[in-house]
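An overview of the molecular structure
Spelled out from the first residue to the last, the chains are:
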2 protein chains.
Amino acid sequence: MKKIVGLIGGGVIGCGWAARFLLNGWDVQMCDPDPDTPKKVDRSLINARQSLPSISDYRLPTEGQISFYRNISDAVAGVSWIQESVPEHLDVKQAVISEIQSTSNQVIGSSTSGFKPSDLQQCADDPSRIVVTHPFNPVYLLPLVELVTNDATSQEIIQHAMSVIDDVRMYALHLTKEIEAHLADRLLEAVWREALWLVKDKVATTQQVDDAIQFGFGLRWAQMGIFETYRIAGGEAGIRHFLSQFGPALALPWTKLMDAPKLDKNLVSLLSNQLEAQSGHHSVLELEQIRDRNLVGIMRQLKANDWGVGRWLNSHDADEKRKRGLIKSLDQISDLSVPILALDQVVPLTWTDYNGHMTESRYLDVFGKATDRFMEIIGCDKDYIAEGFSYFTTESHIRHLREVKAGQSITINTQLLLGEGKKLHLFHRCYQEEDLVATGEHFLLHVSLKTRRSSPPSEDMLLALERITQAHRFLIYPDGAGAGICKPIMTAHYRD
Amino acid sequence: MKKIVGLIGGGVIGCGWAARFLLNGWDVQMCDPDPDTPKKVDRSLINARQSLPSISDYRLPTEGQISFYRNISDAVAGVSWIQESVPEHLDVKQAVISEIQSTSNQVIGSSTSGFKPSDLQQCADDPSRIVVTHPFNPVYLLPLVELVTNDATSQEIIQHAMSVIDDVRMYALHLTKEIEAHLADRLLEAVWREALWLVKDKVATTQQVDDAIQFGFGLRWAQMGIFETYRIAGGEAGIRHFLSQFGPALALPWTKLMDAPKLDKNLVSLLSNQLEAQSGHHSVLELEQIRDRNLVGIMRQLKANDWGVGRWLNSHDADEKRKRGLIKSLDQISDLSVPILALDQVVPLTWTDYNGHMTESRYLDVFGKATDRFMEIIGCDKDYIAEGFSYFTTESHIRHLREVKAGQSITINTQLLLGEGKKLHLFHRCYQEEDLVATGEHFLLHVSLKTRRSSPPSEDMLLALERITQAHRFLIYPDGAGAGICKPIMTAHYRD
């Protein structure tokens, strides 16, 4: 069944939602009076298409379709979620909600960064169907959504909201005690006021404030929050020690706190001029793409470390791969007589090099992942490795036949050339659609992780290898297998 | 000349400084009344040795020596920098400074997170030699140092402080207008108060506050600060638009602001229990090592993207490699008759896999870097690539002979097997000390980046290749070169 969302409001946040839903396979019905809305969505889509698929190790669903409407009633017809992202004025939001509820009884998630659900529920026909689902810029890439509900919200509606957030692969932070500005924006608001004062008082420039963040605590906060960071900062004595040491400073009026600097012409000019000096040589679009590339890289690194947002992304990936049959046991593989599908994913935008294509070490990275997949199939999984046995690669031969670019999909299948005793000889083919782009031939030895020497595999593993050997023995021996580099294979696309 | 630092105070910050200075080749003279100080330094060193070398693409200098003293006067004798990290009480700090100045006229950097230089200078014999050099935890790994000076500080002393900070590879954020808590801690203090309120008021748990950070704005702040982030969030209209849209909210009392929650028994227990539930299954030491692994990964990713802290680290690396002769032009290589030294670095702790050793794709990564180095030597550098020409790898053959672990140093040297016309055939040997751990054989074609087809190199490049060919023709043809995987080479260490 086609999933359709109604988006009311097409600013930076609304356009971010559009890209987020479309790339996750939803159709989007959008309503905004600005005739430039389609252009703005396009701009958001350009960035999103480059970055969002890069954080998943599987292909995203086929992109949805977007249509634009002048009337709210048309935009919300037949949808299974409504997301409101109109300007941050309570009367405007209430009027929009009222208009939506006169024509639809679907749940409305509001992108409000400041108002409580109860503020939005005032004067509404059906308060129970109004929740806050507050995202963060860039909406198409950052996972966080604050889901704020109150006593008017039923469990059923909470579940519905959770499932929509999950379906667009976002992380629902569910708050049941509503306050103005929810959670994250209260923290941000505090920093924002203080940062404005520092610049206004000429203590620091915007560049210095930004450097203090990105060379210091910003690096910590990409992977742990403030509490966990301080728990560690207390050393072995933990948070109690930290609190006793730094608690007294809370009584000092260090921050400017209650005062808010007036955003008069002078302060706006000061900020604007300093930011121009800081990064004016980049356009906003360039900065967006730099930011997204960094976000992709950081999130992928946290995936590699299986921590925080990376751990969460990994568990999402595993669920998705299971659904798509990319994680199957030997018994679940329906046709063993063809090479085994081991990988099906997009080339992340952080995997390219100065030549503008996927860099060579990433081929060995994906071939290594395909080898891991094969090993899981024969029973060399986490448990087996924990028992002290594994396979070590002793040789690899990679042939590059064509280029692949970031954002293109690649698949890898695996043919067993030899699986006897300690020896394992694999041949991976990497395709971009129909084109063979690279091959990876690998020789591995079964080892004991204690002695770090070769050792015989378990009986079960030998039986599994024998089954695959029997199934693969009628496959053609691959072109290029066993060849050395002395006689280069002259089929590479860019050879003349 | 041996560089020596005197460290007064051996808490978490002082021990972090000790590790930072030692790993950058300084000798450390440390003074702290706690007899456990040597143990605490050891603990900090364990973490630092695992992580700090991982963010540089060259070997750090030989580690310095540490000695412990009971008297301040002994600890500061003959040093070229004094770092004070005693508890955060003004009278204690002033007394320590006074004692130091009674015996030494070296510059004192204070790790204070709250006091201004002028606070510390009160009652001092020589106010001109007291500055704030405020680091961030973990001091051995995070680059930021707030250097705060005032009118009492001469240019000469500022330069001296800058050069010490630079020498331990930290980033000096120089503030000349002193205020309590400098810059970063004012921002942190604001967040910290607000976060405590959120937990105390039961709006959120510590886990939820931390999730709001690490799934949201924490990812942004690892690579851009608050001003740059908001400039982008305004879309093409930039910061002025953002300020006009979100400025009015500054007038609202969203944050708790002036109030500070009292850290009574109840609140301390609440925080402590929630943190126990959040990450109590990890010890503090485990969390420190997880954090450091993440920090290394994030900083290395930003290096790969050449942005922010990564851009700064890259420029540091380049300076250092130039100093060590790792970046030389063809003419500067003194002995061309031996394979060319292309790489000399430590295996970062983010490069290992579940088998506990450097993962296979990283071999191709370092061999790729060695190939890049060779290409630079023959003139295929950034400018040449910008003109539209490059080399593409068409085949690689890697042999793994021994294991390498994170933290071990590896070197790679490169032998030219063939450099004729469009063809380039390279053989890299990767050593861990004296042991050959892996070889990489690579066949490349010179290409036009416009047509993406093979094309002849420039005349200059052919001449350079000819020079190396003549020099390398007497080298032994490498064992294993040209071999296919069919006949595995039986010299791998873990083969029996």
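Going by the structure above, here's the rest.
Read on for a plain summary of the structure. (Residues numbered from 1 in each chain as written. Chains lettered and ligands numbered in written order. Predicted model: local features only at pLDDT ≥ 70, side-chain atom pairs only at ≥ 80, totals over all residues. Heavy atoms only, no water.)

Thoughts on the nonpolar core
Core analysis: the largest hydrophobic core is formed by 196 residues, its most contacted members being Val209 of chain A together with Val209 of chain B. With residues near it in sequence (within four places) discarded, Val209 of chain A still touches Ala195, Leu198, Val199 and Ala204 of chain A together with Leu183, Leu187, Ile226 and Phe227 of chain B. (Core = buried A, V, L, I, M, F, W, Y, C linked by side-chain atoms within 4.5 Å. Buried < 20%, exposed > 50% of the residue type's maximum accessible area, 1.4 Å probe, protein only. Contact = heavy atoms within 4.5 Å.)

Examining the packing of aromatic side chains
Counted by the stated rule, this structure contains 21 aromatic pairs over all chains. When the centroid spacing of 5.7 Å and the interplanar angle of 85° are considered together, the rings of Tyr171 of chain B and Trp312 of chain B count as edge-to-face. On the criterion of sequence distance, the pair formed by Tyr171 of chain B in strand 8 (residues 171-175) and Trp312 of chain B in helix 13 (residues 309-323) is long-range, its members being 141 residues apart. Judged by relative accessible area, Trp312 of chain B falls into the buried class, the value being 15%. Three or more aromatic residues link up through ring pairs in this structure, and these residues are Phe217 and Trp221 of chain A together with Phe217 and Trp221 of chain B. (Phe/Tyr/Trp six-rings, centres within 6.5 Å; stacked < 30°, edge-to-face > 60°. Helix = DSSP H or I, 4+ residues; strand = E, 2+ residues; numbered from the N terminus.)

Description of the relation of the copies chain B and chain A
What connects the two chain copies is a rotation about an axis and a shift along it. In the superposition of chain B on chain A (RMSD 0.1 Å, axial shift 0.0 Å), the rotation amounts to 180°. In symmetry terms, the pair is related by a two-fold rotation axis. Of all interface residues in chain B, 100% are interface residues in chain A too; the two copies therefore contact each other through one and the same surface. (Least-squares fit on C-alpha atoms with pLDDT ≥ 70 in both.)

Some words on the interface of chain B and chain A
The interface is formed by 159 residues belonging to chain B together with 160 residues belonging to chain A. Approximately 15900 Å² of surface area, both sides summed, lies buried where chain B meets chain A, with 65% of it carried by carbon and sulfur atoms. Along the contact surface separating chain B from chain A lie four salt bridges. Measuring nitrogen to oxygen at the nearest pair gives 2.5 Å for the salt bridge that ties Glu403 of chain A to Arg452 of chain B. Run the count over chain B and chain A and you get 44 residue pairs in polar contact (both at pLDDT 80 or more). For the side of chain B that touches chain A, the element with the highest residue contribution is helix 8 (residues 206-221) of chain B, accounting for 15 residues. Per-class residue counts for the side of chain B that touches chain A are 82 nonpolar, 44 polar and 33 charged. For strand 10 (residues 389-400) of chain A and strand 10 (residues 389-400) of chain B, the ladder comprises five bridges, and the chain directions are antiparallel. In the sheet register, Ser396 of chain A faces strand 10 of chain B, and the bridge partner there is Ile398 of chain B. (Buried area = accessible area lost by both parts, 1.4 Å probe. Salt bridge = Lys/Arg side-chain N within 4 Å of Asp/Glu carboxyl O. Polar contact = N/O pair within 3.5 Å; in protein donor to acceptor, adjacent residues only side chain to side chain. Nonpolar A, V, L, I, M, F, W, Y, C, P; charged D, E, K, R; others polar. Pairing = 2+ DSSP bridges.)

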